[in-house]
Amino acid sequence: MDIQIEALNKVYSGEKQALSEVNLKIGAGMFGLLGPNGAGKSTLMQILATIIPPTNGKVQMGSLLLGRDDHQIRQCLGYLPQTSRFFDKLTGEEFLQYIALLKGIKSAKDRRVAVTNLLEKVNLQQQAKQRLKTYSGGMKQRIGIAQALLGNPEIIIVDEPTAGLDPEERIRFRELLEDLGRDRTIILSTHIVADIEASCQSLAILDRGRIVFYGSIKNLLSKVENQVWTTIIPESDYLWSRNRTSLISRRKTVTGEFEVRMIARQCPYPGAQLAIPNLEDAYLYFTRGESSE
Ligand code: ADP
Ligand code: MG
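Residues numbered from 1 in each chain as written. Chains lettered and ligands numbered in written order. Predicted model: local features only at pLDDT ≥ 70, side-chain atom pairs only at ≥ 80, totals over all residues. Heavy atoms only, no water.

Things to note about the coordination of the magnesium ion (ligand 2)
Basically, it comes down to this: In this description, a donor is an N, O or S atom within 2.8 Å of the metal centre, a cutoff extended to 3.2 Å for sodium, potassium and calcium. Water is not part of the atom list, which can make sites seem incomplete. Starting at the N terminus, helices and strands are each numbered in turn, a helix being any DSSP run of H or I of at least four residues and a strand any DSSP run of E of at least two. Only protein chains enter the accessibility calculation, which uses a 1.4 Å probe. A residue is then buried if its area is under 20% of the maximum for its type, exposed if over 50%, and partly exposed in between.
Of the protein atoms, only Ser42 (OG) and Gln82 (OE1) coordinate the magnesium ion (ligand 2), at distances of 2.1 Å. Within this pair, whereas Ser42 is found in helix α1 (residues 41–48), its partner Gln82 is found in the loop between β6 (77–80) and α3 (92–102), the two being separated by 40 residues in sequence. Ser42 gets classed as buried once you look at its relative accessible area, which sits at 18%.

So, the environment of Lys58
The condition is simple: Working rule for contacts: check all heavy atoms of both residues, and any pair within 4.5 Å makes them a contact.
Its location among the elements puts Lys58 in strand β4 (residues 56–61). On a C-alpha basis, the gap between Lys58 and Asn152 in space is 25 Å, while along the polypeptide they are 94 residues apart. Not counting chain neighbours up to four residues away, the residues in contact with Lys58 comprise Gln4, Ile5, Glu6, Leu8 and Leu65.

Some details on the pairing of strand β2 (residues 16–26)
Stated formally: DSSP bridges decide pairing: two strands pair if at least two such bridges lie between them.
Where strand β1 (residues 3–12) lies against β2, 7 bridges are found, and the strand directions are antiparallel. Within the sheet, the bridge partner assigned to Ile5 lies in β2 and is Leu24. Linking β1 back to β2 in an antiparallel pair, the connection comprises 3 residues, with Gly14 at a positive phi of about 95°.

A short note on the pairing of β6
Both faces of β6 are covered, namely the face carrying Leu77 and Tyr79 and the face carrying Gly78 and Leu80. As judged from the 4 bridges shared by β6 and strand β7 (residues 155–159), these two strands associate in the parallel manner. From the neighbouring strand, Tyr79 faces β7, where its bridge partner is Ile157.

So this is what it looks like as C-alpha cells:
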C-alpha cells in the first residue's frame, strides 16, 4: 500500500510549527525517517497513525484519505509509539490477548492462534508467561512490535524503537524489522544512522520540520562525494578545528595530535585527503546546513 504525503503542515497550539510542507512518497518495504531530536518525527508518525490531525495537507494511503477514512486506515495499520506504556502486571501473552480483543479479533480461537504465531515471530515464546515488568528493553520492544502486527496490517509505523536498547538488542531488533519489511510497508523513525543503514530501501531526513533529503542510501552518499576530508592537525590548531561548522569528528591520537574529519567543497586544511563518505557524514551534512566553505 503506497502512502502519499502532500504539503503536510503541523502547527501546535502555541504556534510551534513542527512540520513544514512535508512531501513524501512511501512504497512497500522499509522506509527510514531519520532526524535529530525535535525534528518532528513523532509528530509525523502520530499524524500517519491517526492519533493527531495535521493542521493542513493531504495524506493518502492506497485509496484511503486521512481525515476522511481514519477508521479504515486504523484497520490496516499497526503502530508502536515512541513511549509506550505497557501493562506491567500482565504477561506477554495476556497483553497480546488483550490487544487482540481491542483490535476486534472476536473468536477466542483466532486470538489464541494469532498470539501464539506472533510470540513465535518475535521470539518470545519462552517468556510468554512472564510478566512484562520482568522484560528487558529489547523484549519490551519486541512485544510492542507483536501488538503492532496483530490483525496483520499492511503498514507498520515504529517510532524510535531502538533508542534505549543495548547494542546486541538493537541488532536483533533491526533484523526483526528487516524480516517484517519483506511483505509490508514499515516506516521506521530514528536518530541513529546505523538503524537505517542495513535495511532501508529509501529514506528521508527531517530537520526542524522540513524534509531536507529524500531518496535512496546510494543517492544520499553521492551528495557528499568528494566533500569529506581527513587530516591530522597539531594540537595548536585544536581551537581552529573546534570552531569549524565543517567538522564531523575529531579524535586525539597517541602523539597528542588530532585526527579530524571534515565536510567541505574545497580542501579545508593544507594536506587534507579526500575520504570515502559514510552515512553519518551525509546525515550531518544535511542536518547541520550545507557547508559554506
Ligand atoms: P522528534 O520526534 O523528531 O524528536 P517531535 O515530533 O516530538 O520531534 O517534536 C517536534 C517539535 O514539536 C519539537 O519542537 C517539540 O517540542 C514540539 N512538540 C511536540 N509535541 C508537541 C505538543 N503536543 N505541543 C507543542 N509542541 C510540541
Ligand atoms: Mg520522537
